[in-house]
Amino acid sequence: MELSLEERVYGLSLIWKEAEYNFPFWNRLEGLDWDKAYREALPKVTAASDMREYYLELSRFISLLRDGHTDLQFPREVIQDAGQLPVVLRMIDGTWYVMNADVSTGIPIYDELFSIQGMPAAEYVSANIYPYCWHEKPDSAAWQVNMLLPLIEYKRAIALQTASGSYSVRASEAPVQWQKMKKAEGKETLTELVSAETHRIRVTQDGIAVISVPDFVHDTLGSEFYAGMSCIRDCRGYIVDVRGNCGGNSDNADCLAQEFLKGEFICSTEQKMVHIGTYKAWGKFTDLEQLDWTKADQKKMYDICKRQYFEYNTEKKKVEECPFTLEGPLVVLEDAGTVSAAEDFLLDLDVAGRATIVGTPSYGSTGQPLIFDLPGGGVGRICTHWCTYPDGKEFINVGVLPHVQASCSVEDWRNGYDRVLDTALAVLREKIG
């Protein structure tokens, strides 16, 4: 599919417009001239040789906003044409590794990755991948490296140097036959009580329930969990594992949080940018730096012209359908793959002081994105609200911080050992004891 000049300009302009009037984080982007960036991107998007290059330039532009809920989805045809990478790359403790690979590549899984295309791995990713994606928290952004690499190295062989040697791989549309990975388990044997699409419940011999929730996408999570809560009501303590939880709907996250919180609870504070055109018009003929901020109207004019006038809301929730509260000590597991609504869940419990959080800082991005269609079949997203702790504490681009730091080393991955779960069990038993 070939885009006309008008369509190319429209796509870039749509991103500019939706960000200009809806994006909440302008005051943390000092040095970014959004209008200048738009003008600089215009000749690049109009000169792009094909749809792939066009969307890469759109990605370069929108990534200037440095937000994990502000990005692009490439058209399906472009993704399919570029092919799937036959390796999975991941950053662990600041070092890149091959976490899995097609059996035909011969690359051992969990091999340290030294270089890509002859450049040190971290240097290659910084120079060639990061310009096209959010990367303020590199361990959280690692999945985008796997998505973008086939688009950057389009139809080319990709040279990888690992601890075991030199390899050449190429993205393709052929099915990938992944190597078998060891399932990560703690040292104890757990008895499974529930195995559903929305959640899984296992218990230890001494009566600790381990609840795993892979996402908050399914609206049936609350009702399904509530229906089976009685089987763990008398447990001595609870572990909720939201590592790798990709988020979804924060209402579903609140349903899970309500199971451990009595009555009404406080969620995050939301800041939504407000634009009032008349104040911007007045500001055009005013020296903004000379305004008297003690006068409400002048401060309002300044803030609107600077795109920092917000509507604030601290939401309180109570899920009436929750039948009773699980009152034992609670530990929640998180990692860099704990995203969006899953971070809202962490915040619900952290604000209430209800849980001890164990793991590594979460993804570092949540917020309601404005979703819009782009020419050629792609989709754009612009984050529209800025979430913080009620006291103003930030977790965007930082992550919800754990109370107890714990992570799995590469050796743990190789051996199929879940060190984080065992750490959580030790923390919980100390509380129980």
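Our structure is the block above this text.
Residues numbered from 1 in each chain as written. Predicted model: local features only at pLDDT ≥ 70, side-chain atom pairs only at ≥ 80, totals over all residues. Heavy atoms only, no water.

J.: Mind laying out the environment of Leu 425, listing which residues take part and the relevant values?
T.: Structurally, Leu 425 can be placed in helix α13 (residues 419–432). According to the relative accessible area criterion, Leu 425 is buried, its value standing at 2%. Note: C-alpha distance between Leu 425 and Tyr 238 (187 residues apart in sequence) is 9.2 Å. If near-sequence neighbours (up to four positions away) are discounted, Leu 425 is found in contact with Glu 188, Thr 204, Ile 208 and Ile 239. (Helix = DSSP H or I, 4+ residues; strand = E, 2+ residues; numbered from the N terminus. Buried < 20%, exposed > 50% of the residue type's maximum accessible area, 1.4 Å probe, protein only. Contact = heavy atoms within 4.5 Å.)

J.: Please give an account of the sheet that holds strand β18 (residues 385–388) that cites residues and values.
T.: On the basis of which strands lie adjacent, the open sheet formed by 3 strands has the order β13-β12-β18 and antiparallel pairing. The sheet is open, and its two edges are formed by β13 (310–317) and β18, each paired on a single side. In this sheet, neighbouring strand axes are inclined to one another by 25° on average, regardless of whether the strands run parallel or antiparallel. Here 4 bridges tie strand β12 (residues 265–273) to β18, and the two strands are oriented antiparallel to one another. Residue pairing in the sheet places Glu 270 in a bridge with Cys 387 of β18. With respect to the sheet, helix α8 (residues 250–258) is in contact with β12 and β13, its orientation differing from that of β12 by roughly 160°. Where helix α11 (residues 341–352) meets the sheet, its contacts fall on β12 and β18, and the angle it forms with β12 comes to roughly 120°. (Pairing = 2+ DSSP bridges. Axes fitted to C-alpha atoms, helices over the stretch in contact; angles between N-to-C directions.)

J.: I'd like a description of the packing of aromatic side chains, backed by residues and values.
T.: Two descriptors summarise a pair of aromatic rings, namely the distance from one centre to the other and the angle between the planes of the rings. Counted under the stated rule, the structure contains 18 aromatic pairs. On the basis of an interplanar angle of 70° and a centroid distance of 5.4 Å, the ring pair of Phe 23 and Phe 25 is categorised as edge-to-face. With respect to burial, Phe 23 and Phe 25 carry one shared label: buried. Measuring from ring centre to ring centre gives 5.7 Å for Tyr 55 and Phe 74, while their planes differ by 45°; the resulting arrangement is tilted. Taken as a pair, Tyr 55 in helix α3 (residues 51–62) and Phe 74 in the loop between β1 (71–73) and α4 (76–82) lie far apart in primary sequence, 19 residues in all. (Phe/Tyr/Trp six-rings, centres within 6.5 Å; stacked < 30°, edge-to-face > 60°.)

J.: Break down the layout of surface pockets for me, citing the residues and quoting the values.
T.: Approximately 530 Å³ is the volume found for the second largest pocket. Lining the second largest pocket are 18 residues, and of these Glu 20, Leu 288, Cys 305, Lys 306 and Arg 307 sit closest to its centre. When residues of the lining of the second largest pocket are traced back to their parent elements, those giving at least two are α1 (5–22), α2 (34–47) and α9 (277–283). Per-class residue counts for the lining of the second largest pocket are 7 nonpolar, 3 polar and 8 charged. (1 Å grid on protein atoms, 1.4 Å probe; cavity = no way out; pocket = protein on both sides within 12 Å on 5 of 7 lines; lining within 4 Å. Points joined across faces, edges and corners; volume = space filled by probe spheres on them. Nonpolar A, V, L, I, M, F, W, Y, C, P; charged D, E, K, R; others polar.)

J.: Tell me about the sheet that holds strand β11 (residues 237–241), and please be specific about residues and values.
T.: With mixed pairing, 7 strands are arranged side by side in an open sheet as β8-β9-β10-β11-β14-β15-β19. Unpaired on one side and paired on the other, β8 (191–195) and β19 (404–405) mark the two borders of the sheet. Direction of pairing for strand β15 (residues 355–359) relative to β19: parallel, over a ladder of 2 bridges. If you follow Gly 359 over to β19, its bridge partner there is Gln 405. The sheet contacts of α11 involve β11, β14 (330–334) and β15, and relative to β14 the element is tilted by about 145°.

J.: A description of the nonpolar core should follow, citing residues and the corresponding values.
T.: Burial of nonpolar side chains together is a common tendency in soluble globular proteins. Formed by 103 residues in total, the largest nonpolar core has its most connected members in Trp 96, Phe 216 and Phe 345. Ranked by residue count, the leading element in this core is α3, at 7 residues. Setting aside its immediate chain neighbours within four residues, Phe 216 contacts Leu 221, Val 242, Asn 245, Gly 247, Gly 248, Asn 249, Asn 252, Ala 253, Leu 256, Ala 341, Ala 342 and Phe 345. Counting residues in each nonpolar core, the second largest holds 15 residues, with Leu 190, Ile 208, Val 331 and Leu 421 among its members. (Core = buried A, V, L, I, M, F, W, Y, C linked by side-chain atoms within 4.5 Å.)

J.: Tell me what's going on with unusual backbone geometry, and back it up with residues and numbers.
T.: Non-glycine residue Lys 155 carries a positive phi angle of around 60°. With respect to the element layout, Lys 155 can be found in the loop between α6 (138–152) and β6 (158–162). In this model, Ser 340 sits at a positive phi of 55°, which is unusual for a non-glycine residue. By relative accessible area, Ser 340 is classed as buried at 12%.

J.: Lay out the pairing of strand β10 (residues 208–212) with the relevant residues and their values.
T.: With respect to burial, β10 is a largely interior element, 5 of its 5 residues being buried. Of the two faces of β10, the one carrying Ile 208, Val 210 and Ser 212 and the one carrying Ala 209 and Ile 211 are both buried. Taking the residues that link successive antiparallel strands as the turn, the strand β9 (residues 200–203)-β10 hairpin has 4 residues, and the phi of Gly 207 there is positive, at about 80°. When β10 meets β11, the two strands line up parallel, connected through 5 bridges.

J.: Describe the environment of Ser 172, listing the residues and the values that go with them.
T.: Its location among the elements puts Ser 172 in the loop between β7 (165–169) and β8. A C-alpha to C-alpha distance of 8.1 Å links Ser 172 and Lys 155, two positions 17 residues apart in sequence. For Ser 172, the residues in contact, after removing those within four places along its chain, are Ala 82, Gly 83 and Gln 84. One polar contact links the side chain of Ser 172 to the main-chain amide nitrogen of Ala 174, over a distance of 3.3 Å. (Polar contact = N/O pair within 3.5 Å; in protein donor to acceptor, adjacent residues only side chain to side chain.)

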